[in-house]
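One letter stands for each residue in the lines below.
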Amino acid sequence: MTGTHEAGVVSPSEHTPLVSGANGDIAADLDITNEQQLRYIAGQAADARVNIELETEGMTLNIGPQHPATHGTLRIVARLDGEQVISAEPIMGYMHRGYEKLTEVRTYPQVTTLINRIDWVGSFANEVPFILAAEDLMDVEAPPRAQYIRTALFEMGRIANIMLFLGDMPVQLGGVTAIFYAFRDREFVLNQIESATGGRFHPNFNRIGGVKDDLPAGWIKETKTAMQKVRDFCDEIEDLVMGNEIFQSRCRGVGIIPPDVGKAYGLSGANLRASGVDWDLRRDADSPLAWKDLDWKVWTHPDGDSFSRFWVRLQETRESSYMVEQLLDGLPSGPIMAKVPRIIKVPAGESYVQTENPLGAMGYYVISKGELTPFRVKIRTASFSNMSISPWLLEGVYVPDIATILASLYFILGDIDR
Amino acid sequence: MPKVPGLVTGLGVTAKTFFKTVFPDGPTKPPAPSKGAHTVQYPHVKEAPPDRARGVIALHHDNCTACMLCARECPDWCIYIEGHKELAPPRRAGGKPRQKNKLDRFDIDFALCMYCGICVDVCPFDALFWSPEFEFSEMKIADMLHDKSRLADWMHTVPEWGAYEAGAEVKTKKLPSPSS
Amino acid sequence: MLSTLLALNPPYWVETLTKIGIGLVAVLLPTGALVYLFLFKMMSFMQSRLGPMETGPYGQLQLLAEFGKFLQKEDIFPSKADRFVFGAAPFVVLVSTFLLVLVLPAGPDTHFVDLNTGIYFAMAVSSVSVIGILMAGWGSNSKYSLLGGIRAAGQLIAYELPLVLSVVGVVIMAGTLNMKGIVAAQADFGIWFIIPQIIGFFIFMVAVQAELTQPPFDMPVAESELVTGYLTEYSGIRFLLFFIGEFATAAVFSAIGATLFLGGWTIPFVDANAAIMDYIGPLVLAAKMVFIAFLIFWFRITFPRFREDQLQRLAWKFLIPLSLANIVVTAIFKVVF
């Protein structure tokens, strides 16, 4: 502490810092003179005066939380200048259900039931990374037939999810017919999931060590018919939506994400692949599921705009339908459940498993202390990271483009808010 | 030949769907949109869900020993069980009287139920079964609590165990015969 | 029919009331038919679903049910809204529509008024609805409505020009602004104006789609962004009036299009001045109106919407030069041949 401090009296020529807290040494270390501080304050004041004079009145528009364009309760506070967006900020959390806290007091089968509801359209895909993490901790591997069934249902969940997107994005842009075709043809896929698992959206079919039950007779043939309908639907959407000049002029060049920006913001899934980054966890991560046995390709697109995100997802849907057919053709016979004790106590340890969910990369970080319930589960969801790019992306676009960009990023609120 | 503009192909798709909906049997037969559209006109026409659909839970209370496993494992705690111990006559003459659990109350609150199926899985005595019935809406929430007799009634709607696909090692099970 | 009715020499008030009654029926009946046929049924069939089926046989009474529903709703005024402007907006839009039907001829002697500048009057009166929409957007005192109203103003003014210019081509060919004269000219030439004026017809259809704020030009009512744009704050009867106005304008513009391009109430090979046409004429006109409305709704169902700047670019940089070129070419052909 240097010198005496009489209230309000400071001699400018001294080296006495204006800031002095409990550790006055900090201020001394920083070696800020009074003059520098006063000059700084004066500069800020001048800046503020200029800002007020030049500032045009912008309109603050609240999009949501109740709004047809946002897939749920997302609120976007946009400051507009006429029809152009100056800044847009998403405010999430209206649907937070406390999943990570809930898992601390639920046993593993109960957690499997709950996490079905995170990305509620991608049904089966939510359970898989959690079960894989638990199997990793228990050092148990599911038999090959179970892995094939899991992969088939995973891909069917992906198909159901992306078909909704293929219908929903045109609706956001004004073409109301596509979504009815999407729901109509999605029914076939959901019926197949229901006849195998009992639930259309929340199958709850995975168990640690395998799947709950085997496939009913006739399922393989029916599913192949459903996959053909999926491909017909993709062709229809290509004709109705993708080839449409109005759709292309609304989407091409809108919301371009350069690949390095995408990677920096943690994007994943089709959003990243549409910027040209060749990254797919089904191929690149070492997963016990059956993707490595299949013959498939990863679709990427060099532009990073909204149209390419739509295009990539359409191709992925077709690819998934072929993958399901390959899986069902090559389904090995055998048991569907490995030997696990009746009461599941996962041994102590930590495990993180990430899979390529329909919305992106979803991961579960499971910490177990050897009890019936997990100690902590951290859920890394794809949509949360996908939304983080929206303030950067929505700067300077027109108001209609907000709808286009948000629709093309494709998030589900349950996935963002958990 | 120049490429047909996308606008025109789009019009073609909607026109094709229009004709398929209105004339599902071809242009020579009279229009039948109720048949061509994909709408199922519930409640005049009912669609049957698949056999495994998780509609409602049925209880076969002959098998139930009030072990409370289902009530414990339910994520929502929507099963209410009460039971008491009874002495049953010994199996052979001169033996010890057996202690049996008798079920007094078995209620499932379907307003809380998540339809997850953990109770059905976890039951060690195969007393709970899934039934694809889904039409049990009530006017009052209190009526959504199904008691023991109502749950036993649902047993009539439980379908027989279905056959499995080729290559399955799981065996089909038989449903228990209806309880008294 | 008009001369027979006038020959009865009714007092002026009887004549006026009858004309008002017939005018209301002439607008509302096609509106109801259009709403049912196209909005409820055709849209549903194109989307693989059935539409309303429960109210009446095949859902025919759905419009009546909606009418009753809107009537019994609360009449909400936003707290800081300008009461007069907010309240009067639906009526302004409707008045312009009802005035349009005055110049439509439905037979050699079936019309309300025989104006010598018939089509000019129609184009002028249809622009009044822009004021109504601006009143709705501004009077609602809500940011969504304001955005919708401003977009509407820009769009409707931009597309007035191609609409009028495409009609000028027809007028040049017919040689008169009188609607009955245009129909008579088509009967005299023996060919409906759609064939020589195919480009004009195309521009007319696009401009009508934009004037009605139907997709692909429905930025003012862009549901997925602005809820319902300038209509957001309206509820109950006032919303119903806007709704009726939208479909009534569609019906009337389709009828005008049928008169200009499809020969109005004439049928080929039938003498245009026969007395029987007084009774068949309205039916023929209704059938042609349904055809053009079918085209309007088909485009509405299929296409996504344009962004505002793309919409304006389409109007100013493409449609107006095209329609001017159409006028020049028509004029040259008219003089040379």
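Each chain carries its own residue numbering, running from 1 in the written order of its sequence. Following the order in which they are written, the chains are lettered starting with A and the ligands numbered starting with 1. Two thresholds apply to this predicted model, a pLDDT of at least 70 for residue-level local features and 80 or more for giving and counting side-chain atom pairs, whereas whole-chain, interface and lining totals are computed over all residues.

J.: Tell me about the overall build of chain A, residues and numbers included.
T.: Looking only at helices and strands, one finds 17 helices and eight strands in chain A. Exposed residues have 12 or fewer other C-beta atoms within 10 Å of their own C-beta, buried residues have 20 or more, and residues in between are partly exposed; the C-beta atoms are placed from the backbone. Looking at chain A residue by residue over its 418 residues, the buried ones come to 50%. For the purpose of contact definition, each residue receives a C-beta atom placed from its backbone, and two residues are in contact when these atoms lie within 7 Å. In chain A, the proportion of contacts linking residues at least 24 apart, taken out of those at least 6 apart, comes to 70%. Secondary structure follows DSSP: runs of H or I at least 4 residues long count as helices, runs of E at least 2 residues long count as strands, and numbering of each begins at the N terminus.

J.: Pulling in residues and values, what's your account of the interface of chain C and chain A?
T.: Listed as interface residues are 21 residues of chain C and, on the opposing side, 26 residues of chain A. When contributions to the side of chain C that touches chain A are tallied by element, the ones reaching two or more residues are α10 (223-226), α12 (277-302) and α13 (308-336) of chain C. Charged residues are taken to be Asp, Glu, Lys and Arg, nonpolar residues to be Ala, Val, Leu, Ile, Met, Phe, Trp, Tyr, Cys and Pro, and polar residues to be all remaining types, Gly included. Split by residue class, the side of chain C that touches chain A holds eight nonpolar, five polar and eight charged.

J.: Talk me through helix α7 (residues 177-197) of chain A; I want residue IDs and the actual numbers.
T.: All names here are of chain A. With 21 residues, α7 should cover 30 Å at 1.5 Å per step; its first-to-last C-alpha distance of 31 Å lies within 8% of that length. Largest kink in α7: about 30 degrees, centred on E187. With 16 of 21 residues buried, α7 lies mostly within the body of the structure. Of the residues flanking the end of α7, it is G198, one or two places downstream, whose phi is positive at about 100 degrees. The length a helix should cover is 1.5 Å for every residue beyond the first. Throughout, the bend at a residue refers to the angle made by two axes, fitted to the seven residues ending there and to the seven starting there.

J.: Any details on the interface of chain A and chain B? Residues and values, ideally.
T.: Every contact between the two is made by 31 residues of chain A and, on the other side, 30 residues of chain B. Counting residues per element, the ones that place at least two in the side of chain A that touches chain B are α4 (108-115), α7 and α8 (219-242) of chain A. Tallying contributions element by element places α8 of chain A first for the side of chain A that touches chain B, with five residues. Partitioned by chemical class, the residues of the side of chain A that touches chain B number 11 nonpolar, 11 polar and nine charged.

J.: Outline unusual backbone geometry, listing residues and values.
T.: With an omega of 5 degrees, the peptide bond between Y42 of chain B and P43 of chain B qualifies as cis. Along the chain, P43 of chain B falls in the loop between α2 (33-36) and β1 (56-59). Notably, D139 of chain A is not glycine yet its phi reads approximately 60 degrees, a positive angle. Turning to its location among the elements, D139 of chain A is positioned in the loop between α5 (127-138) and α6 (144-173). Although it is not a glycine, W77 of chain B adopts a positive phi angle of roughly 55 degrees. Among the structural elements, W77 of chain B can be located in the loop between α3 (69-73) and β2 (79-88). You can call W77 of chain B exposed: it has 11 C-beta atoms within 10 Å.

J.: Describe the confidence of the model for chain A, listing the residues and the values that go with them.
T.: How sure the predictor is of each residue is captured by pLDDT, a score from 0 to 100. Averaged over every residue, the pLDDT of chain A is 83; the share at 70 or more is 88%. For residues 50-56 of chain A, every residue scores under 50 in pLDDT, and the model assigns this stretch one contact once sequence neighbours within four places are set aside.

J.: Tell me what's going on with the packing of α6 of chain A against helix α13 (residues 306-329) of chain A, and back it up with residues and numbers.
T.: A pair of packed helices is captured by two measures, namely the crossing angle of their axes and the spacing between those axes. All names here are of chain A. Axis lines are fitted through C-alpha atoms, for helices just across the contact stretch, and the angle between N-to-C directions can take any value from 0 to 180 degrees. Orientation of α6 relative to α13, taken along the N-to-C sense of each, is 150 degrees, at an axis distance of 9 Å. One finds that α6 runs roughly antiparallel with respect to α13. As for the relative orientation of α6 and α13, their crossing is left-handed in sense. Note on element contacts: α13 touches α6 through F310, R313, L314, E316, T317, S320, S321, M323, V324, L327 and L328, opposite Y148, T151, A152, E155, M156, R158, I159, I162, M163, F165, L166 and M169. Across the contact of α6 with α13, the residue classes tally to 15 nonpolar, four polar and four charged. By definition in this entry, angles of less than 35 degrees are roughly parallel, angles greater than 145 are roughly antiparallel, angles of 65 to 115 are roughly perpendicular, and the rest are oblique. Note: crossing handedness is left-handed where the near helix turns anticlockwise from the far helix by less than a right angle, and right-handed where it turns clockwise.

J.: Run through the pairing of strand β3 (residues 98-109) of chain B, naming residues and quoting values.
T.: Residue and element names in this part refer to chain B. Alignment of β2 against β3, held across 10 bridges, turns out to be antiparallel. Within the sheet, the bridge partner assigned to H84 lies in β3 and is K102. Pairing analysis gives two bridges linking β3 to strand β5 (residues 145-146), with the strands arranged antiparallel. Its bridge partner being in β5, D109 is matched across the sheet by L145. Two strands pair if DSSP finds at least two bridges between them.

J.: Explain the nonpolar core to me, and be specific about the residues and the numbers.
T.: Nonpolar side chains tend toward joint burial in soluble globular proteins. Nonpolar cores are identified as sets of buried Ala, Val, Leu, Ile, Met, Phe, Trp, Tyr and Cys residues joined via C-beta atoms within 7 Å. Membership of the largest hydrophobic core comes to 206 residues, with the highest contact counts inside it found for A134 and I402 of chain A together with A251 of chain C. Of the residues forming this core, the biggest block, 17 residues, is contributed by α6 of chain A. With residues up to four places along the chain from it excluded, the contact list for A134 of chain A reads Y108, I208, V346 and V366 of chain A. Core analysis: the next-biggest nonpolar cluster, separate from the first, contains 22 residues, A58, C74, I108 and I118 of chain B among them.

J.: So, the environment of P105 of chain C: which residues are in play, and what are the values?
T.: Residue and element names in this part refer to chain C. Topologically, P105 is positioned in the loop between α4 (83-100) and α5 (118-126). Distance from P105 to G281, taken between C-alpha atoms, is 8.8 Å for residues 176 residues apart in sequence. If we skip the residues at most four places from it in the chain, P105 touches T110, H111, M179, K180, V183, T259, G264 and W265.

J.: Describe helix α8 (residues 179-189) of chain C, listing the residues and the values that go with them.
T.: Residues and elements named next belong to chain C. Among the residues of α8, M179, K180, I182, V183, Q186 and A187 are the ones counted as buried. Taken around the axis of α8, the buried residues stretch over an arc of 165 degrees, which confines them to a single face. Downstream of α8 by one or two residues, G190 has phi in the positive range, about 80 degrees. Each direction from the helix axis to a C-beta atom contributes to the arc, which is the arc of those directions.

J.: Tell me about the sheet that holds β3 of chain B, residues and numbers included.
T.: Strand order across the open sheet formed by three strands is β2-β3-β5 (chain B), with antiparallel pairing between neighbours. Single-partner strands in this sheet number two, and they are β2 and β5 of chain B.

J.: With reference to specific residues and values, describe the environment of Q72 of chain C.
T.: On the secondary structure map, Q72 of chain C appears in the loop between α3 (62-71) and α4. A C-alpha to C-alpha distance of 32 Å links Q72 of chain C and L156 of chain C, two positions 84 residues apart in sequence.

J.: An account of the pairing of β1 of chain B is requested, with residue identities and associated values reported.
T.: All names here are of chain B. Going residue by residue along β1, you find V56 and A58 tucked away on one face and I57 and L59 tucked away on the opposite face as well. Relative to strand β4 (residues 128-131), β1 runs antiparallel, the two being bridged by four bridges. Paired with I57 across the strands is W130, a residue of β4.

J.: Which residues make up the packing of helix α2 (residues 12-46) of chain C against α12 of chain C, and what values do they have?
T.: Residues and elements named next belong to chain C. Here α2 crosses α12 at 40 degrees, and the two axes come no closer than 10 Å. Judged on the interaxial angle alone, α12 and α2 are oblique. As for the relative orientation of α2 and α12, their crossing is right-handed in sense. Only A286, M289, A293, F294, F297 and I301 of α12 make contact with α2, whose side of the interface consists of P30, L34, F38, M42, M43 and M46. Grouping the constituent residues of the contact of α2 with α12 by class yields 12 nonpolar, no polar and no charged.

J.: How would you explain the sheet that holds strand β1 (residues 59-63) of chain A if you had to name every residue and give the values?
T.: All names here are of chain A. Pairing within the open sheet is antiparallel, and its three strands lie in the order β1-β2-β3. Of all strands in the sheet, those bounded by a partner on one side alone are β1 and β3 (84-91). Each neighbouring strand pair of the sheet contributes to a mean axis angle of 20 degrees, computed without reference to strand direction. Along the sheet, helix α16 (residues 399-409) contacts β1, β2 (75-81) and β3; its crossing angle with β3, the most-contacted strand, is approximately 40 degrees.

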